[in-house]
Amino acid sequence: MAAVQETIDRVKGIDVDQYRYGFETQIESEKAPKGLSEDTIRFISAKKNEPAWMLEWRLEAYRRWLTMTEPTWARVGYPKIDYQDLYYYSAPKPKKKVASLDEIDPEILKTYEKLGIPLREVELLEGVERPSAAVESEDGEAAAPRTKIAVDAVFDSVSVATTFKEELKKAGVIFMPISEALREHPDLVQKYLGTVVPTTDNYFATLNSAVFSDGSFVYIPPGVRCPMELSTYFRINERNTGQFERTLIIADKGAYVSYLEGCTAPQRDENQLHAAVVELVALDDAEIKYSTVQNWYPGNSEGVGGIYNFVTKRGDCRGANSKISWTQVETGSAITWKYPSCILRGDNSSGEFYSIAISNGFQQVDSGTKMIHLGKNTSSRIISKGIAAGKSQNTYRGLVSAHRKASGARNFTACDSLLIGDQCGAHTVPYIEAKNSSAVFEHEATTSKISEDVLFYCIQRGLSQEEAVGLVVNGFVKDVLQQLPMEFAVEAQKLISISLEGSVG
Amino acid sequence: MTALLEIKGLHAEISGGRKIIQGLDLTVNKGEIHAIMGPNGAGKSTLSYVLAGKPGYEITAGEVYLNGEDLLAMSADERAAKGVFLAFQYPLEIPGVATLTFLRAAFNAQRKARGEEELSSPDLIKRVREIAKTLNIDSEMLKRPLNVGFSGGEKKRNETLQMALLQPSLCVLDETDSGLDIDALKVVANGVNALRSAERGMIVITHYQRLLDYIVPDIVHVFAAGRIVRTGGADLARELEATGYAQYQSEAA
Ligand SMILES: Nc1ncnc2c1ncn2[C@@H]1O[C@H](COP(=O)(O)OP(=O)(O)OP(=O)(O)O)[C@@H](O)[C@H]1O
Ligand SMILES: [Mg+2]
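Residues numbered from 1 in each chain as written. Chains lettered and ligands numbered in written order. Predicted model: local features only at pLDDT ≥ 70, side-chain atom pairs only at ≥ 80, totals over all residues. Heavy atoms only, no water.

A few points about the site of ligand 1
Residue and element names in this part refer to chain B.
Here is step 1: Surveying the vicinity of ligand 1 reveals 14 residues, the closest of which are Gly 41, Lys 44, Ser 45, Thr 46 and His 207.
Here is step 2: Contact distances for ligand 1 include 3.2 Å between an oxygen atom and a backbone N or O atom of Ala 42.
Here is step 3: Side-chain polar atom of Lys 44 to an oxygen atom of ligand 1: 2.8 Å apart, as the coordinates give it.
Here is step 4: The element contributing the most residues to the shell around ligand 1 is helix α1 (residues 44-52), with 3 residues.
Here is step 5: Of the residues contributing to the shell around ligand 1, the split by class is 4 nonpolar, 7 polar and 3 charged. (Near = heavy atom within 4 Å. Polar contact = N/O pair within 3.5 Å; in protein donor to acceptor, adjacent residues only side chain to side chain. Helix = DSSP H or I, 4+ residues; strand = E, 2+ residues; numbered from the N terminus. Nonpolar A, V, L, I, M, F, W, Y, C, P; charged D, E, K, R; others polar.)

Written out as structure tokens, the structure is:
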């Protein structure tokens, strides 16, 4: 048993103290007074020059939230959150309106640089062409041509740079901070906001509806294929700031868009709350691909600090033949509570959920998806890969349901869990409800321990223990990594190795 | 002659379990090929694991030197970077990791450990393809996940490929002939012979004379009950084929 013991000891040593993104940017910020009240909400709304209906919408959500209680069904434990001890709005003090990258606070730009996520437009504007990344071309998949990415960067609560606006504008695509969209396209926002995740949906989504500060808004007009990948990088900087983004993406009839979201947060002892809402609407024949790489600060090796991530993400396949696909790589946060879901309302619509969730140290992950089959001949596919190390707990929680009228509904679910060491836990909680007898739902689940013999085989060939674990885990999650856009896949691959890195050797 | 590998009075047991290696002495000089033959369960694979540094074994006595350096003090990956290569009796499968990806990771990890420059992917791919060709390994196979669904013979050929790529100084081949058909046996033996050099030493563990017809050893050892009970030239293997191990097993017991 010593062989196993050695790995356990090593994994014990693996901790999350060396969080790569733990640095703080010194910039002046403008905060709302601490605590939550109708006044806080009025402050936020006024700051953003919102239309009156928006303030009413927020206040209604707030009043509703006061009557709700925090959910406890998830397999996560944390001390009670004091909602009055948080700041709900924090904006870098604007010097002036930013029109291009040079006008952005260099401190902020530096932050992005440290993240290893430069605002890629810089290179593109200067005509710098990197050779395409050396991705795994060796297993026969052709490396995708280098794609353009438009970035909407959210620094704490305000979007500081929206790039590629012009080119997108030509295509008729609207991609801007939601606060701006509320002023420039109020009708569009009003028509769709809250139609997928209503203000009454759940405790955290309702809170978000009341206090959301910013986020992205995307509208792709009928028949338009968005000419580039759209991307937002979130970063939580301010101390004690809850971050409440609100993202709304609409693909009109026959439109297509691929959206990437990446997140990091600096290292902090106190826990930071994050409660975002993402709503996707796909009309007839439209397709939305939404990818997330989340590497927020997971807390230190004693389990102190880290982000509490309570997120509501939902896509509505509202039109016939529409398609929504969620891909997520979750490696960060002390607590993850997240279930990107699809409502398959349109006939022949389809939903997909591809997930990699890695937990280490004292991280707690409770994540999964809901596929709600309402229309006829709808189909869904769920591929979930959970990796638990250290003393972490990793739960897949999923619901697949077919409505009475959802004839011909099909689902395939595969949940695989990999355990590293014997102090962590992996749990699979699938709920299946078929109210229509023609539904065909398949569910497969496996749980296995990382094999000592396989690790030794790799190490005998010269890999370090960490490299061996990274390689084996990357193989384990391959099916999901393949779903990510190429540039993201390379980043995600590195991130997976980093998040399992320990103090070995 | 300079000693590549020196094993002196080695005793090893499974942690918290049985004693397997019981007083082993063996010196492999540079340029030599040693064959080790012996009955099932004698501890041959265990010896190969102990040399390679697999966790789970306790060294209770003895010393092992590689080029004069204390091998037992090194971690398993250090040993690999120093040139210890073990062709596994049962090669392992790594789902989702393309064979080429694995080869690149191993090759560059060893280079990095030795402070050498990594090889670019195109150069590495070229090198691998050339070796693969000599071993009749289809380049399609290099894209498949390592050893997953490979036939027994394909796995063994793949071990030979890895060995040829990594150019180790000490090759330990544990029953590399098992599972090979006659033609594949020749191909693999040719691959191994191509690695014969004045700088390299090999330990070839096998049950059959057949392999030794192609890879002709300098020295043959009979290994029984955890130690070497007889040493001879290439003809000792032929003798064993006729007599079997019965005499040695009673001797050792
Ligand atoms: N992890 C283990 N736990 C218990 N016993 C073990 C373990 N590994 C090996 N053994 C035992 O140690 C002895 C030596 O095994 P080893 O695999 O080294 O033999 P071998 O000489 O290679 O045999 P073969 O010719 O069949 O390959 C055997 O009796 C085997 O059952
Ligand atoms: Mg053996």
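Notes on the coordination of the magnesium ion (ligand 2)
Residues and elements named next belong to chain B.
Here is step 1: The magnesium ion (ligand 2) binds to the protein through Ser 45 (OG) and Gln 89 (OE1), with metal-donor distances spanning 2.0 to 2.2 Å. Taken together, the residues span a long stretch of sequence, with Ser 45 in helix α1 and Gln 89 in the loop between β6 (84-87) and α3 (99-113) at a distance of 44 residues. The pair Ser 45 / Gln 89 is uniform in exposure class, with both members buried. (Donors = N, O, S within 2.8 Å, 3.2 Å for Na, K, Ca; no water. Buried < 20%, exposed > 50% of the residue type's maximum accessible area, 1.4 Å probe, protein only.)

Quick notes on helix α3 (residues 52-66) of chain A
Residues and elements named next belong to chain A.
Here is step 1: The end-to-end C-alpha distance of α3, which contains 15 residues, comes to 21 Å, matching closely the 21 Å that a straight helix rising 1.5 Å per residue would cover.
Here is step 2: When α3 is considered as a whole, its buried residues turn out to be Met 54, Trp 57, Arg 58, Leu 59, Ala 61, Tyr 62 and Trp 65.
Here is step 3: Next to the buried residues of α3 lie α2 (38-47), α7 (178-184), α9 (203-211) and β8 (246-251). (Expected span 1.5 Å × (residues − 1). Contact = heavy atoms within 4.5 Å.)

Section: the packing of helix α4 (residues 121-134) of chain B against helix α5 (residues 152-166) of chain B
All names here are of chain B.
Here is step 1: Two elements in contact, α4 and α5, have axes separated by 10 Å at closest approach and are oriented at 130 degrees. In terms of their interaxial angle, α4 and α5 are classed as oblique. Once α4 is placed against α5, the crossing between them reads as right-handed. Contacts between α4 and α5 involve Arg 127, Val 128, Ile 131 and Ala 132 on the former and, on the latter, Leu 161, Ala 164 and Leu 165.
Here is step 2: Class assignment for the residues of the contact of α4 with α5 results in 6 nonpolar, no polar and 1 charged. (Axes fitted to C-alpha atoms, helices over the stretch in contact; angles between N-to-C directions. Parallel < 35°, antiparallel > 145°, perpendicular 65-115°, else oblique. Left-handed = near helix turned anticlockwise from the far one by under 90°.)

So, the side chain of B:Lys155
Residues and elements named next belong to chain B.
Here is step 1: Inspection of the secondary structure puts Lys 155 in helix α5.
Here is step 2: Of the residues examined, Lys 155 reaches a relative accessible area of 16% and is grouped as buried.
Here is step 3: Apart from the residues within four sequence positions on either side, Lys 155 is in contact with Pro 91, Glu 93, Asn 147 and Phe 150.

Some words on the confidence of the model for chain A
Detailed reading of the predicted model is not advised wherever pLDDT is low.
All names here are of chain A.
Here is step 1: When pLDDT is averaged across chain A, the result is 79; 74% of the residues are at 70 or more.
Here is step 2: Counting contacts from residues 94-98, a segment whose pLDDT is below 50, to residues more than four positions away or on other chains yields 8 contacts.
Here is step 3: A low-confidence stretch, residues 115-146 stays under pLDDT 50, and its non-local contacts, those more than four residues away or across chains, total 55 contacts. (pLDDT = per-residue confidence, 0-100.)

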